Amino acid sequence: MTNAQRHASDRIKEVMEAGNGELLIWAVCGAGKTEMLFEGIGSSLEAGKRVCLATPRADVVRELLPRFKQAFPDVSISGLYGGSEDKTGDGQLVLATTHQLLRFARAFDVLIIDEIDAFPYHKDPSLPFAAARAAKKEAARVYLTATPRKEERRRIDSGQLESAFVPVRFHGHPLPVPRFMLSNRMKKSLRQNLPPDNFFEWLKHRQQPNRQLLIFVPHVELAGKMEKAIGLVLNNQFGLSAVSSVHAADEDREEKVRQFRNKQLNVLITTTILERGVTFPSVDVAVLDAGHSVFDEAALVQIAGRAGRSPDDPDGEVLFFHAGKTNAMVASVRSIQAMNKRAVRI
């Protein structure tokens, strides 16, 4: 571990062993939050405690399950999400989507909420209520986020919430800083289900054309239509033959993400469903219509965090294609730059 990871890991273990405390881990995208949890979770499991790690996305539960089963082969582990094979959730370690917390009452000695800032947790008041009810009265509570909301920052600043800050990625390289790409024809291009012209110009001059390409669009309908509209162009002009799209209601979503992770797809067009919690080792990221209201500051920071996650390729490009800068766009870049500055000082 890096020094920053070790400090956070030690704090997590202390809180889990003591119980009846709260800790927020503020760690940049790609800092290695899961690895920071292992020691504290292991200690808790050895002590006979029951542990729950809740996360907003089913994709994340599916991604974490094999990692935790490998790390703790002798522990009963449950994975709960919509459509999961496990229906009982009676494991000593439970990995679940936040909605699954509604099933439990005073069940866990340790409760970890991953991506506490993410939808739906921070928008649906029933979920924090469910989390509070799922934990035992003397439970330890650990929250993870790369982009804390105002309420968490207020509690940290007022001394009501203990925190540990990890401003550097596990491989030590800085976060990729997004570049703004202005297009006066953005809206017209999107009505034709196409990216703007400067998107294709950028493709011609990409630093690493062998990287996979993750394209974010603001709504579901556009994702499917763009897949059909640009597939032939990307194949004929850029040799990108395998193109697909994915969104939250896509029945084949799990399989498409798996194919992209296994590099069976060159390009994946997605909504904000893949803004966080999934790791691809070598991608460039393009956000089309980055000024759209669906792309708030937190979403843009998380989206940018999909690039550069591997020590073998830490410099993925991130492009915000827009018809006019928004406060969210500017704030997201400032946040990333601030993180990089703090990381240099460590």
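None of the values given here were measured: they were computed from a predicted structure.

Chemist: Could you give an account of the nonpolar core, naming the residues involved and the relevant values?
Modeler: By size, the foremost hydrophobic cluster in this structure holds 89 residues, and its most contacted members are Ile-25, Ile-41 and Ile-112. Ignoring sequence-local partners within four residues, the contact set of Ile-25 consists of Ala-8, Ile-12, Met-36, Val-142, Tyr-143, Leu-144, Thr-145 and Ala-164. Counting 23 residues, the second largest nonpolar core, distinct from the first, contains Met-186, Phe-199, Ala-286 and Phe-321.

Chemist: Help me get a handle on the sheet that holds strand E5 (residues 108–113), residues and values and all.
Modeler: Across the sheet, 7 strands lie side by side as E3-E4-E2-E5-E6-E1-E7; this open sheet has parallel pairing. Edge positions in the sheet fall to strand E3 (77–80) and strand E7 (162–166), since each of these pairs with one other strand and no more. Each adjacent strand pair in this sheet contributes to an overall mean axis angle of 15°, direction not counted. Of the pairings in the sheet, the one linking strand E1 (residues 22–27) to E7 comprises 5 bridges and is parallel in character. Bridging from a neighbouring strand, Leu-23 pairs with Glu-162 of E7.

Chemist: Explain the layout of surface pockets residue by residue, including any values.
Modeler: Of the pockets and cavities examined, the largest pocket occupies roughly 640 Å³. The wall of the largest pocket is formed by 32 residues, among which Arg-57, Phe-119, Pro-120, Ala-248 and Ile-273 lie closest to the centre. Residue assignment for the lining of the largest pocket shows that the elements contributing at least two residues are helix H3 (58–71), helix H9 (253–261) and helix H10 (297–304). In terms of residue class, the lining of the largest pocket is made up of 12 nonpolar, 10 polar and 10 charged. Lining the second largest pocket we find 23 residues, and of these Lys-33, Thr-34, Arg-67, Thr-279 and Arg-309 sit closest to its centre. Counting residues per element, the ones that place at least two in the lining of the second largest pocket are helix H2 (33–46) and H3. In terms of residue class, the lining of the second largest pocket is made up of 8 nonpolar, 7 polar and 8 charged.

The rules we used
Residues numbered from 1 in each chain as written. Predicted model: local features only at pLDDT ≥ 70, side-chain atom pairs only at ≥ 80, totals over all residues. Heavy atoms only, no water. Core = buried A, V, L, I, M, F, W, Y, C linked by side-chain atoms within 4.5 Å. Buried < 20%, exposed > 50% of the residue type's maximum accessible area, 1.4 Å probe, protein only. Contact = heavy atoms within 4.5 Å. Pairing = 2+ DSSP bridges. Helix = DSSP H or I, 4+ residues; strand = E, 2+ residues; numbered from the N terminus. Axes fitted to C-alpha atoms, helices over the stretch in contact; angles between N-to-C directions. 1 Å grid on protein atoms, 1.4 Å probe; cavity = no way out; pocket = protein on both sides within 12 Å on 5 of 7 lines; lining within 4 Å. Points joined across faces, edges and corners; volume = space filled by probe spheres on them. Nonpolar A, V, L, I, M, F, W, Y, C, P; charged D, E, K, R; others polar.

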